[in-house]
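Given next are the chains, with one letter for each unit.
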Amino acid sequence: MLLKLDTGDARPLHEQVAGAIRRAVAEGECAPGDRLPPARELSRALGVNTNTILRGLRTLRDEGVLEFRRGRGITVAAEADTRSELTERMRQLVADAARAGYSANDLVDMIRGMS
């Protein structure tokens, strides 16, 4: 798994880490059940503090993209590819809406109005 962070990106580094892993899962670079490298290894490879990496990984765990298992490390969750792709598309939608002047609550109202 080859991850890259954009130093010119205004987003916090932990969000960039989570986004890079999310994209790797969505694009099939990491399949469900695959183990991720240890946080310290990712930290060294990306030149980022280990706690920053762990914060990004915890975000993905909370989203259901990753599973943390004691003694087995961090693996990609079974439904991660679908969930990861959908989460990334939702983040993009929220960003696009914000640029157009809509809030997240406006989006929720629009979605509720569709059903």
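Up top is the structure.
S.K.: Please provide a residue-by-residue account of the pairing of strand 2 (residues 73-76), values included.
M.R.: As defined by bridge partners, strand 1 (residues 66-69) adjoins strand 2 across four bridges and the pair is classed as antiparallel. Residue pairing across strands places Phe68 opposite Ile74, the latter belonging to strand 2. Hairpin remark: strand 1 followed by strand 2, antiparallel, with three residues in the connecting loop; positive phi at Gly71, about 85 degrees.

S.K.: Describe the packing of aromatic side chains, listing the residues and the values that go with them.
M.R.: Applying the stated rule across the entire model yields zero aromatic pairs. Lying over the aromatic face of Phe68, Arg61 brings its terminal NZ or CZ to 5.0 Å of the ring centre.

S.K.: Account for the environment of Ile74, naming residues and giving values.
M.R.: Take Ile74: it is sitting in strand 2. C-alpha separation for the pair Ile74 and Arg61, spaced 13 residues apart in sequence, amounts to 9.1 Å. Ignoring anything within four residues of it in the chain, the contact list for Ile74 reads Asp34, Arg35, Leu36, Leu57, Leu66, Glu67 and Phe68.

S.K.: Before we move on, could you go through the packing of helix 2 (residues 39-46) against helix 3 (residues 50-63) and cite the residues and values that matter?
M.R.: Close contact between helix 2 and helix 3 brings their axes to 8 Å; oriented N to C, the two are set at 115 degrees. Where helix 2 crosses over helix 3, the handedness of that crossing is right-handed. Here Ala39, Arg40, Leu42, Ser43 and Leu46 of helix 2 come into contact with helix 3, specifically with Thr50, Ile53, Leu54 and Leu57. Of the residues assigned to the contact of helix 2 with helix 3, the class counts are six nonpolar, two polar and one charged.

S.K.: Outline the pattern of salt bridges, listing residues and values.
M.R.: Evaluation of the coordinates by the stated rule reveals six salt bridges. For Arg22, the salt bridge goes to Glu63, with nearest N and O atoms at 3.0 Å. Taken together, the positions of Arg22 in helix 1 (residues 13-26) and Glu63 in helix 3 put the pair 41 residues apart, joining distant regions of the chain. In terms of burial, Arg22 and Glu63 fall into one category: buried. With a closest N to O distance of 2.4 Å, Glu63 and Arg91 form a salt bridge. Within this pair, whereas Glu63 is found in helix 3, its partner Arg91 is found in helix 4 (residues 80-99), the two being separated by 28 residues in sequence. The partly exposed category is assigned to Arg91, whose relative accessible area is 41%. Look at the salt bridges and you will find they share partners, linking Arg22, Glu63 and Arg91 into a network.

S.K.: Which residues make up the nonpolar core, and what values go with them?
M.R.: With 21 residues, the main nonpolar core has Ile21, Val25, Leu36, Ile53, Leu57, Leu66 and Val76 as its most contacted residues. With six residues, the top contributor of residues to this core is helix 1.

S.K.: Got a sec to walk through the packing of helix 1 against helix 3? Specific residues and values, please.
M.R.: Put simply, helix 1 and helix 3 touch, their axes get as near as 8 Å, and they point 55 degrees apart. The pairing of helix 1 with helix 3 is recorded here as oblique in orientation. Our pair here, helix 1 against helix 3, has a crossing hand that is right-handed. Only Thr52, Ile53, Arg55, Gly56, Leu57, Thr59, Leu60 and Glu63 of helix 3 make contact with helix 1, whose side of the interface consists of Leu13, His14, Val17, Ala18, Ile21 and Arg22. Its residues assigned to classes, the contact of helix 1 with helix 3 shows seven nonpolar, four polar and three charged.

Conventions and cut-offs
Counting of residues starts from 1 at the beginning of each chain's written sequence and follows it residue by residue. This being a predicted model, a pLDDT of at least 70 is required before a residue's local features are given, and a value of 80 or more before pairs of side-chain atoms are given or counted; all residues contribute to the totals for chains, interfaces and linings. Remark: hydrogens and water are excluded; side-chain values derive from all non-hydrogen atoms of the structure. One bridge is not enough; two strands pair if DSSP finds at least two bridges between them. Strands are runs of DSSP state E lasting at least 2 residues, helices are runs of H or I lasting at least 4, and numbering of each runs from the N terminus. What counts as a ring pair is set by centres within 6.5 Å for rings of Phe, Tyr and Trp (its six-membered ring), and what kind of pair is set by the plane angle: stacked under 30 degrees, edge-to-face over 60, tilted for all other angles. By definition, being over a ring means that NZ of Lys or CZ of Arg is both within 6 Å of the ring centre and within 35 degrees of the ring normal. Contacts are residue-level and defined by heavy atoms, with any inter-residue pair within 4.5 Å sufficient. Comment: axis = line fitted to C-alpha atoms, over the contacting stretch for helices; angle = value between 0 and 180 degrees taken between N-to-C directions. Left-handed describes a crossing whose near helix is turned anticlockwise from the far helix through less than a right angle; right-handed describes the clockwise counterpart. Three residue categories are used. Nonpolar comprises Ala, Val, Leu, Ile, Met, Phe, Trp, Tyr, Cys and Pro, charged comprises Asp, Glu, Lys and Arg, and polar comprises the others, including Gly. For this analysis, a salt bridge means a side-chain nitrogen from Lys or Arg found within 4 Å of a carboxyl oxygen belonging to Asp or Glu. The buried label applies to any residue whose accessible area, calculated with a 1.4 Å probe on protein chains only, is under 20% of its type's maximum; exposed applies above 50%, and partly exposed to all values in between. Residues enter a nonpolar core if they are buried and are Ala, Val, Leu, Ile, Met, Phe, Trp, Tyr or Cys, with the set joined through side-chain atoms within 4.5 Å. Each angle receives one of four descriptions, namely roughly parallel if under 35 degrees, roughly antiparallel if over 145, roughly perpendicular if within 65 to 115, and oblique otherwise.

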